[in-house]
There are 2 protein chains.
Amino acid sequence: MSRPTIAGVARAAGVSVASVSRVLNGLPATEEMVERVQRAVDELGYVPDARARSLKVGRTFQLTLAVADVGNPVYVTMMRAVEEVVSAAGYRLVVTTTGPDVVDEVALVRGMARGYADGLLISPIRVDEDLVKSIRECEVPVVVAGNVPAKAGVDTVRANSPKGMLLAVDHLVAKGRRRIAFLNGPADTVPGAARSKGFAEALKAHELQPAAVAEATDFTFAAGRAAAPDLLAAGGLAGSRSHRRRGGDEPAPTTIRPTGGAFDAVICANDLLAVGVMHELAAAGLEVPADVAVVGMDDSELAEQSFPPLTSVNLGSAERGRRAAELLLARIEDNDRTPRRIVVQPSLSIRRSTP
Amino acid sequence: MSRPTIAGVARAAGVSVASVSRVLNGLPATEEMVERVQRAVDELGYVPDARARSLKVGRTFQLTLAVADVGNPVYVTMMRAVEEVVSAAGYRLVVTTTGPDVVDEVALVRGMARGYADGLLISPIRVDEDLVKSIRECEVPVVVAGNVPAKAGVDTVRANSPKGMLLAVDHLVAKGRRRIAFLNGPADTVPGAARSKGFAEALKAHELQPAAVAEATDFTFAAGRAAAPDLLAAGGLAGSRSHRRRGGDEPAPTTIRPTGGAFDAVICANDLLAVGVMHELAAAGLEVPADVAVVGMDDSELAEQSFPPLTSVNLGSAERGRRAAELLLARIEDNDRTPRRIVVQPSLSIRRSTP
DNA sequence: TTGTAAGCGTTATCAT
DNA sequence: ATGATAACGCTTACAA
């Protein structure tokens, strides 16, 4: 007893397969025909095979969302927004995870040619020539939530993190903080590079010097913790302690650019890093925000869950997800439209980690 | 210029489609044949169509993981474990999210009959007759990460939350806490019911009375916060304040069972609820763990990220994910094996939210 | 309105 | 070892 096929239904109903197909797709048919087909369908528990259907019609009605790290709460915000838009349009959303390496992303994009889905929404963390090429050549529509060169010829929706940085610095300065440190994620990533540049510009706008800058090996909580002692040391806020924690299985050492002077605020490239830093600050006996103010980026669910709740730059993850999804749907409708490059403006969610 | 098909490759290589297929699938062929086909494939950038292939061979080499809430960090732990197992076996993992309603789960299970994937790994939060029925009748192998009646005739991997509760209570009692409160999630869910029962048993084992019991409307941070004031009120730890926060757009009121007496410890049905409670405890001027010890469940990444780091019952999410994935793969190999019901034992991860 | 039949892009069976 | 061809389960001209 295998799955019933449309032929089985046709036989049971005493009609042709074409009629069954028509009834199932709501095409014109007589009362009686609909009746008979429906009965047979119910009786046999027939469900059309999506593979066969999509082979024929050339569409799967599935969309793929690819994220680098399911553990990063910024993606859940985005995912929720995307899900809402695509399901309203009658598509199934499937999520796959790529990992931090660009080769995995390239493999994924190439793999889309196999016809798994009608479109791909990808938020790449590292971008290289190969990835751009694979996106440009991809058989199915792709939209990138993030920054990818215009020559990729693809729709993009990205954040304005320099502007976000400025919001953060403005706020800190307004609260009287001048010695601002920065904990970045890997600078060889797209967001890492953008935030680094943004931080420098924002400080320059206020005629300030960075109090300390460090680079975590990853955009994760663990990497944030691992990088914090070095940041503290660079900022003159901790001494020998900074090397005590380096155990055997910790991530590789962080890159430090000591710029002298203690800091009274630290901006982190995302919320996970910020929460990691806050833990280490507490371990060093420093109070947030009294001794050091902390600002995260992404304004993910983690920002309100953390303690103290984290002031965070809202880079519009939900809106980016929503608009990216809309762009994808639009491109599926019409693949000839000229690629759009949308920039979503940031805002600042002020919570208790800043004064 | 549409996608090249196997026919195009065959034409370009001057061989038959059958030969192309053979070469691509590593079946015996002469040096020269392999050579020619390979060249044509590279030249055209041919990628086999997964839909057509799976229509023919009856397998998609995709597996679906369905979770109720992508925002719940326990699922990321599980997801990572599942991903590792299935990708090692040559399957793609796709994640879909169901939402908290059982009807969505049923729809998803039924939908699997369309042939989206070769197997389904589902972690249902609510279970009813319909769901059991849909799982039993599902065309593709299903394994449940969670608790579902044996009559469903399906492989299950579940946690032992009563045992976990006992671990938590043992620990609290050993630390001198006797007035233990419990914040549950919705009792009409499978984990909610199990944890409620487990809590009662664990207290009885120590001949203790519950200090306060409340039920959040959801297993989320927001619901945890919303429920906390009532819990505090029930425990005599807060007065009128408990109703101050109830704004217009807050979740529905929580169910309270006041049992008298202030409490010095609270066990929460998952980490998100625990973090929510900790926020409200702080807002009420109570210190964790000095005034109130807090224990979460799931031992998710959030437990170490929270502040203070959360003592949490490790219900073996990673192991559950791993074993569930193994079960699924085994059943795909042999659908006639008798269903297994695996129970994973808990452990306690002690952190600073308890003394 | 309904039925017949030709594909969609593969793989697998059968000859050769 | 290779090639022709029949499925896989569906949709859609086209014919009746």
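- Per an unreviewed UniProt entry, chain A carries the name LacI family transcriptional regulator and comes from Kribbella pratensis.

1. Some thoughts on helix H8 (residues 161-174) of chain A
All names here are of chain A.
Part 1 of the argument: Between its first and last C-alpha atoms H8 spans 19 Å; for 14 residues at 1.5 Å apiece the expected length is 20 Å, and the two agree.
Part 2 of the argument: Capping the start of H8, Asn160 holds a side-chain oxygen 3.1 Å from the backbone nitrogen of Lys163, two or three residues further along.
Part 3 of the argument: Looking one or two places after H8, you find Gly176, whose phi comes out positive at around 90°.

2. Observations concerning the pairing of strand E2 (residues 92-97) of chain B
Remark: a regular strand shows side chains that alternate across the two faces of the sheet.
All names here are of chain B.
Part 1 of the argument: Taking burial as the measure, the six residues of E2 include five buried ones, the bulk of the element.
Part 2 of the argument: With six bridges connecting them, strand E1 (residues 62-67) and E2 associate as parallel partners. Residue pairing across strands places Val67 opposite Thr97, the latter belonging to E2.
Part 3 of the argument: Read from E1 through helix H5 (residues 73-88) to E2, the crossover connection turns out right-handed.

3. A closer look at the protein's contact with DNA strand C
Part 1 of the argument: In the region of DNA strand C, 24 residues are neighbours, and Ser19(A), Arg22(A), Thr30(A), Lys56(A) and Ile6(B) sit closest.
Part 2 of the argument: Within 4 Å of the protein, the atoms of DNA strand C are drawn from sugar and phosphate moieties in a proportion of 61%.
Part 3 of the argument: Here a base oxygen of DNA strand C sits 3.5 Å away from a polar atom, N or O, in the side chain of Lys56(B).
Part 4 of the argument: The biggest single contributor to the surface near DNA strand C is helix H4 (residues 50-57) of chain B, with four residues.
Part 5 of the argument: Residues that form the surface near DNA strand C fall into these classes: 12 nonpolar, six polar and six charged.

4. Focus: the UniProt feature "domain: HTH lacI-type" (unreviewed entry) in chain A
Part 1 of the argument: Using the residue numbers shown here, the UniProt feature "domain: HTH lacI-type" (unreviewed entry) corresponds to residues 4-57 of chain A.
Part 2 of the argument: Measuring from the first to the last C-alpha atom of residues 4-57 of chain A gives 20 Å, for a span that is 70% helix and 0% strand.

5. Describing the interface of chain B and chain A
Part 1 of the argument: Opposite the 41 residues of chain B that make contact, chain A presents 41 residues.
Part 2 of the argument: When the two sides are added together, the surface that chain B and chain A hide from each other amounts to roughly 3900 Å², 60% of it contributed by carbon and sulfur.
Part 3 of the argument: Here chain B is connected to chain A by two salt bridges.
Part 4 of the argument: Arg80(A) is paired through a salt bridge with Asp69(B); the nearest N and O atoms lie 2.6 Å apart.
Part 5 of the argument: Along the contact surface separating chain B from chain A lie 13 residue pairs in polar contact (both at pLDDT 80 or more).
Part 6 of the argument: Those elements that provide at least two residues to the side of chain B that touches chain A are H4, H5, E2, helix H12 (271-283) and helix H13 (301-305) of chain B.
Part 7 of the argument: Take the side of chain B that touches chain A: its biggest share by element is six residues, from E2(B).
Part 8 of the argument: Here the side of chain B that touches chain A is built from residues that sort into 20 nonpolar, 10 polar and 11 charged.

6. Some thoughts on the relation of the copies chain B and chain A
Related by rotation about an axis and a shift along that axis, the two copies of the chain form a pair.
Part 1 of the argument: Superposition of chain B onto chain A requires a rotation of 180° combined with a translation of 0.0 Å along the rotation axis, giving an RMSD of 0.0 Å. Here the copies are linked by what is in effect a two-fold axis.
Part 2 of the argument: Most of the interface of chain B is mirrored in chain A, where 100% of its interface residues again form contacts.

7. Here's the deal with the protein's contact with DNA strand D
Part 1 of the argument: Contacts to DNA strand D come from 24 residues, most closely from Ile6(A), Tyr46(A), Ser19(B), Arg22(B) and Thr30(B).
Part 2 of the argument: Counting only the atoms of DNA strand D within 4 Å of the protein, the fraction contributed by sugar and phosphate is 64%.
Part 3 of the argument: The contact in question runs from a phosphate oxygen of DNA strand D to an N or O atom on the side chain of Thr30(B), over 2.5 Å.
Part 4 of the argument: Within the side chain of Lys56(B), one N or O atom sits 2.9 Å away from a base nitrogen of DNA strand D.
Part 5 of the argument: When residues of the surface near DNA strand D are traced back to their parent elements, those giving at least two are helix H2 (17-24) and helix H4 (50-57) of chain A together with helix H2 (17-24) and H4 of chain B.

8. A closer look at the nonpolar core
When a protein is soluble and globular, its nonpolar side chains tend to lie buried together.
Part 1 of the argument: Ile180(A), Ile267(A), Ile180(B), Ile267(B) and Val294(B) are the most contacted members of the largest nonpolar core, which totals 154 residues.
Part 2 of the argument: Every residue in contact with Ile180(B), bar those within four places of it in the chain, is listed here: Val169(B), Leu172(B), Val173(B), Phe199(B), Leu203(B), Leu208(B), Pro210(B), Ala211(B), Ala212(B), Asp264(B), Ala265(B) and Ile267(B).

9. Here's the deal with the environment of Arg3(B)
Part 1 of the argument: In this fold, Arg3(B) is placed in the segment before helix H1 (6-13).
Part 2 of the argument: For Arg3(B), a relative accessible area of 23% gives the class partly exposed.
Part 3 of the argument: Sequence-distant contacts of Arg3(B), defined by excluding residues within four places in its chain, comprise Ala113(A), Arg114(A), Gly115(A), Glu139(A), Val47(B), Pro48(B), Asp49(B) and Arg51(B).
Part 4 of the argument: Separated by 2.6 Å, the side chain of Arg3(B) and the backbone oxygen of Ala113(A) make a polar contact.
Part 5 of the argument: For Arg3(B), the side chain forms a polar contact with the main-chain oxygen of Val47(B), separated by 3.4 Å.

10. Points about the packing of helix H10 (residues 221-234) of chain B against H12(B)
Residue and element names in this part refer to chain B.
Part 1 of the argument: Relative orientation of the contacting elements H10 and H12 amounts to 50°, with a least axis distance of 7 Å. Taken together, the axes of H10 and H12 are oblique relative to one another. Where H10 crosses over H12, the handedness of that crossing is right-handed. Residues Phe221, Ala223, Gly224, Arg225, Ala228, Pro229 and Leu232 of H10 pack against Leu272, Leu273, Val275, Gly276, Val277, His279, Glu280 and Leu281 of H12.

11. Remarks on the side chain of Ser134(A)
All names here are of chain A.
Part 1 of the argument: You can see Ser134 is positioned in helix H7 (residues 129-137).
Part 2 of the argument: A polar side-chain atom of Ser134 sits 2.8 Å from the main-chain carbonyl oxygen of Leu131.
Part 3 of the argument: Excluding residues within four positions of it along the chain, Ser134 makes contact with Val106, Val109 and Arg110.

12. Digging into the pattern of salt bridges
It is possible for side chains bearing opposite charge to pair when their charged atoms get close.
Part 1 of the argument: Tallied over the entire structure, the rule returns 32 salt bridges over all chains.
Part 2 of the argument: Among the salt bridges present, the one from Glu137(B) reaches Lys133(B), with a minimum N-O distance of 3.9 Å. Here Lys133(B) and Glu137(B) lie together in helix H7 (residues 129-137), a separation of four residues that amounts to about one turn.
Part 3 of the argument: Residue class for Glu137(B) comes out partly exposed when judged on its relative accessible area of 45%.
Part 4 of the argument: For Arg225(B), the salt bridge identified is with Glu280(B), shortest N-O distance 3.0 Å. Of the two residues, Arg225(B) sits in helix H10 while Glu280(B) sits in helix H12, which places them 55 residues apart along the sequence.
Part 5 of the argument: According to the relative accessible area criterion, Glu280(B) is buried, its value standing at 1%.
Part 6 of the argument: Taken together, the salt bridges that share partners define one network made up of Arg3(A), Asp49(A) and Arg51(A).

13. Side note on the environment of Gly285(A)
Part 1 of the argument: Considering the arrangement of structural elements, one finds Gly285(A) in the loop between helix H12 (271-283) and strand E10 (293-297).
Part 2 of the argument: For Gly285(A) and Pro339(A), which are 54 residues apart along the polypeptide, the C-alpha to C-alpha distance reads 51 Å.

14. Side note on the packing of aromatic side chains
Residues and elements named next belong to chain A.
Part 1 of the argument: Per the stated rule, a full pass over the model turns up four aromatic pairs over all chains.
Part 2 of the argument: Where Phe61 meets Tyr91, the ring centres are 5.6 Å apart and the plane angle is 35°; that geometry is what we call tilted. On the criterion of sequence distance, the pair formed by Phe61 in the loop between H4 and strand E1 (62-67) and Tyr91 in the loop between helix H5 (73-88) and strand E2 (92-97) is long-range, its members being 30 residues apart.
Part 3 of the argument: Since its relative accessible area comes to 31%, Phe61 is described here as partly exposed.
Part 4 of the argument: A relative accessible area of 8% places Tyr91 in the buried class.

Definitions and limits used
Residues numbered from 1 in each chain as written. Chains lettered and ligands numbered in written order. Predicted model: local features only at pLDDT ≥ 70, side-chain atom pairs only at ≥ 80, totals over all residues. Heavy atoms only, no water. Helix = DSSP H or I, 4+ residues; strand = E, 2+ residues; numbered from the N terminus. Expected span 1.5 Å × (residues − 1). Polar contact = N/O pair within 3.5 Å; in protein donor to acceptor, adjacent residues only side chain to side chain. Buried < 20%, exposed > 50% of the residue type's maximum accessible area, 1.4 Å probe, protein only. Pairing = 2+ DSSP bridges. Right-handed = clockwise from strand over helix to strand, strands pointing away. Near = heavy atom within 4 Å. Nonpolar A, V, L, I, M, F, W, Y, C, P; charged D, E, K, R; others polar. UniProt positions renumbered as here; feature names shortened; annotations may be inferred. Contact = heavy atoms within 4.5 Å. Buried area = accessible area lost by both parts, 1.4 Å probe. Salt bridge = Lys/Arg side-chain N within 4 Å of Asp/Glu carboxyl O. Least-squares fit on C-alpha atoms with pLDDT ≥ 70 in both. Core = buried A, V, L, I, M, F, W, Y, C linked by side-chain atoms within 4.5 Å. Axes fitted to C-alpha atoms, helices over the stretch in contact; angles between N-to-C directions. Parallel < 35°, antiparallel > 145°, perpendicular 65-115°, else oblique. Left-handed = near helix turned anticlockwise from the far one by under 90°. Phe/Tyr/Trp six-rings, centres within 6.5 Å; stacked < 30°, edge-to-face > 60°.

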